[in-house]
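Structural overview
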Amino acid sequence: MSLIDRRGLLATAALSALGGLASPLLPFTEAARAASTTTLTAGRRTLDVNGRAATVFGITQPDGTHGLITEVGTPFRATLRNDAGVDTLIHWHGLTPPYRQDGVPGVSAPAVTPGGSAEYDFPLSFPGTFWMHSHQGLQEQSLMSAPLIIRDRGGAADRQEVVLMLHDFSFKSPEEIYAGLRRATSSTAGQGLDQKAGMAGNRMQGMDAMPGMSMGEAKAGVAGGSRDAMAGMSGMATSQSAGPGPAGMSMALNDVVFDAFLANDRTLADPLVVRVEPRGRILLRVINASASSNFQIDLGGVRADLVAVDGRPVQAMSGSVFPVAIAQRLDLDFQLAAGQTAVPVLAGLEGERKRTGIVLATTGGQVQKLPDLAPRAVAPLNFELEQSLRAAAPLAPKPADRVHHIDLTGAMKGYVWGLNGLAYGDDKPLMVTKGQRVELVMTNRTMMSHPMHLHGHAFQVVAANGRRFSGAVRDTVLVPPMQTVTVAFDADNPGRWAFHCHNLYHMAAGMMTTVQYDAF
Ligand SMILES: [Cu+2]
């Protein structure tokens, strides 16, 4: 088969794989409802990444659909088949199943062995943009992840739903990447890796784009201005108490250098083009499924309402650029203007010019070739949008019954990351009692940001550096360097739950513990 043919085939496969997402969705049928048990197969597939074949994992349904679209009120009833040839287990990120079904090996259930299967059955009580990914080893880096969309009943009939799923990609194995990180010999977080240590490139890439910039300078130096240019472009979070890090330490951004960034499995060399209606209204569901990359979504001036984060509604925020940290999701609601025939949706890597994306285009709309380097580097993500978000359905006001203080700790020397100075395995579980309002006060003592994720619950962001506000309800919050973020949740789902940094390599290096109920 010629390259062209193969590309065409791959494009078709990608469209059909994401087809339900990329085209107007059919109403949820009675037949689909009846066939309520889905088989999800964890297996392998081949992608074309900039002309080179790559074998990756995937999670597909029998019809080839990658991931799952279901409807609120329909139970999550699935058989997970393991055709991947290695042990695996899939976590339903953002959902709140009984803990035995949460998909974390060693915490909730044993991994599924090759050829084996596991059964899942629990209610879906809220709609939203979620995803599923392996929690086994470093498989998430090899794309063992897929969308998990819970549609509202008849909720978006007037809108075309489009899923944008982002990945960072390397032709190296994740084990090789991780070994390179551990070999790195820099003495403190933020001082850059020894490039001879085997990591391609360097972790100070953002600083390459902005030479010599310290965190303090980043604060002052990145122009922004308007509130809705908030998406990481208007300076660092407005912390009074934390301030920049110790003198001479710079904020560190990307500690892995990737070969490509994928949007729905493709690069800007051959992006997915989603056909949309003239003046069509779009619900764009952005999923950052990267192992270790934060992005800024840029709609090129098209204004959108951010209506949900991590699948949970927020009071609408208008803008055209929005940050999305590792594992987070954004629901963006917007309409094409009259005469608008093509809207690139670009995802820029923080601190760098590298980007990926898809294009929304009307029939006949001209799709311009988009370079994979933006004219300017994206600024580091900050806490500004987070502080502006307000939950549409906040937790009931209530004082905390239990407060856990958690320092996010680490050093680049030996690539050691932990919580309260302890790596997973030596960690002390965070104990809670059913019925308690729990607050987690997370202070980042490092010069890297950490996307902190709690399983089995949604939390509300309730304070930054001690200043209280009624922030977003979500499942992953980015804690910037040297800042303190407080989240609150109601302990209403007994069990043992993973709580960790969602940077895959930080988690692997020990930045994980469990939230444990004292009775379950
Ligand atoms: Cu981290």
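Structure's up top.
Okay, so let's go over this structure. Every chain's residues receive numbers from 1 upward, in the order its sequence appears when written. Whole-chain, interface and lining totals are the exception, using all residues; otherwise, since this is a predicted model, local features are given only for residues with pLDDT of at least 70 and side-chain atom pairs are given and counted only at 80 or more. The basis for every side-chain value is the complete set of heavy atoms in the structure, and neither hydrogens nor water enter the calculation.

Here we look at the overall build of the chain
- For the purposes of this entry, the term helix denotes a DSSP run of H or I that reaches at least four residues, the term strand denotes a run of E that reaches at least two, and both are numbered from the N terminus. The secondary structure content of the chain amounts to 8 helices and 31 strands.
- Categorising residues by exposure relies on relative accessible area from a 1.4 Å probe, with only protein chains included: less than 20% of the type maximum marks a residue as buried, more than 50% marks it as exposed, and the intermediate range marks it as partly exposed. Going through the 520 residues of the chain one by one, you find that 60% of them count as buried.
- A total of about 18,900 Å² of accessible surface is found on the chain, and carbon and sulfur atoms cover 54% of it. Areas reported here follow the Shrake-Rupley algorithm with a probe of radius 1.4 Å; residue values treat only the protein chains shown as occluding.

Some thoughts on the side chain of threonine 446
- Relative to the helices and strands, threonine 446 is located in the loop between β23 (437-444) and β24 (450-454).
- Taking the relative accessible area as the measure of exposure, threonine 446 reaches 1% and is therefore buried.
- As used in this structure description, the phrase polar contact means that two N or O atoms lie within 3.5 Å; if the pair is within protein, one of them must be able to donate a hydrogen and the other to accept it, and residues adjacent in sequence are counted only when both atoms belong to side chains. Engagement of the side chain of threonine 446 in a polar contact is seen with the backbone oxygen of methionine 448, the distance being 3.0 Å.
- In this structure the side chain of threonine 446 is engaged in a polar contact, spanning 2.8 Å, whose partner is the side chain of histidine 450.

Description of the coordination of the copper ion
- In this analysis a donor is any N, O or S atom within 2.8 Å of a metal ion (3.2 Å for sodium, potassium and calcium), and since water is not included, sites may seem incomplete. At the metal site, the copper ion is ligated by His450 (ND1), Cys501 (SG) and His506 (ND1), and these contacts range over 2.0 to 2.1 Å.
- Taken in sequence order, the residues that donate to the copper ion follow the motif H-x50-C-x4-H. A single burial state applies to cysteine 501 and to histidine 506, both of which are buried.

Quick look at the sheet that holds strand β8 (residues 145-151)
- What makes two strands pair is DSSP finding at least two bridges between them. The strand order across the open sheet formed by 4 strands is β3-β8-β7-β5, and the pairing between neighbours is mixed. Every interior strand has two partners, whereas the edge strands, β3 (68-71) and β5 (90-93), have only one. Averaged over all adjacent pairs, the angle separating strand axes in this sheet is 20°, with direction ignored. For helices, the axis comes from a line fit to the C-alpha atoms of the stretch in contact; other axes are also lines fit to C-alpha atoms, and the angle between any two N-to-C directions lies between 0 and 180 degrees.

A word on the nonpolar core
- Grouping buried Ala, Val, Leu, Ile, Met, Phe, Trp, Tyr and Cys residues that are joined through side-chain atoms within 4.5 Å yields what is termed a nonpolar core. Formed by 83 residues in total, the largest nonpolar core has its most connected members in Ile297 and Leu332.
- Throughout, a contact is declared for two residues whenever any of their heavy atoms are within 4.5 Å. Residues within four places of leucine 332 in sequence aside, it is in contact with Ile282, Leu283, Leu284, Val286, Ile297, Leu299, Ala304, Asp305, Leu306 and Phe322.
- In this structure, Phe57, Ala84, Ala118 and Phe126 belong to the second largest nonpolar core, which totals 26 residues.

Focus on the sheet that holds β24
- Across the sheet, 5 strands lie side by side as β22-β31-β30-β24-β28; this open sheet has mixed pairing. In this open sheet, the two strands that pair with only one neighbour each are β22 (430-432) and β28 (476-479). If you compare each strand with its neighbour and ignore which way they point, the axes differ by 20° on average.
- Strand direction decides the pairing type here: β24 and β28, joined by 4 bridges, are antiparallel. Residue pairing for β28: histidine 453 is matched across the bridge by threonine 476.

What to know about unusual backbone geometry
- Of note, asparagine 50 is a non-glycine position whose phi angle comes to about 50°, a positive value.
- Mapping asparagine 50 onto the fold places it in the loop between β1 (38-49) and β2 (52-60).
- Among the residues examined, asparagine 50 registers a relative accessible area of 45% and is labelled partly exposed.

Brief notes about empty space enclosed by the protein
- Within this scheme a cavity is a closed region of a 1 Å grid, computed over the protein atoms alone, that accommodates a 1.4 Å probe without allowing it to escape, whereas a pocket is open but has protein on both sides within 12 Å along at least five of seven lines; lining residues each have an atom within 4 Å of a point. Grid points are joined across faces, edges and corners, and a volume is the space filled by probe spheres set on the points. Per the counting criterion, the structure on display carries 4 cavities of 30 Å³ or more.
- Forming the walls of the largest cavity are 14 residues, and the residues nearest its centre are Pro323, Gln328, Asn382, Glu386 and Arg474.
- Counting residues per element, the ones that place at least two in the lining of the largest cavity are β16 (321-324) and α7 (384-388).
- When residue character is reported, Ala, Val, Leu, Ile, Met, Phe, Trp, Tyr, Cys and Pro are called nonpolar, Asp, Glu, Lys and Arg charged, and the others, Gly included, polar. A per-class count over the lining of the largest cavity returns 10 nonpolar, 2 polar and 2 charged.
- Size it by volume and the second largest cavity reaches roughly 80 Å³.
- Ala252, Leu253, Asn254, Asp255, Ser292, Ser293, Asn294, Ile326, Glu350, Met448, Ser449 and Asn503 together form the lining of the second largest cavity.
- Each residue belonging to the lining of the second largest cavity can be placed in one class, and the counts come to 4 nonpolar, 6 polar and 2 charged.

Points about the pairing of β16
- A two-sided burial pattern is seen for β16, the buried positions comprising Val321 and Pro323 on one face and Phe322 and Val324 on the other.
- Examined bridge by bridge, strand β13 (residues 295-298) and β16 share 4 bridges and lie antiparallel to one another. The residue bridging aspartate 298 from the neighbouring strand is valine 321, located in β16.

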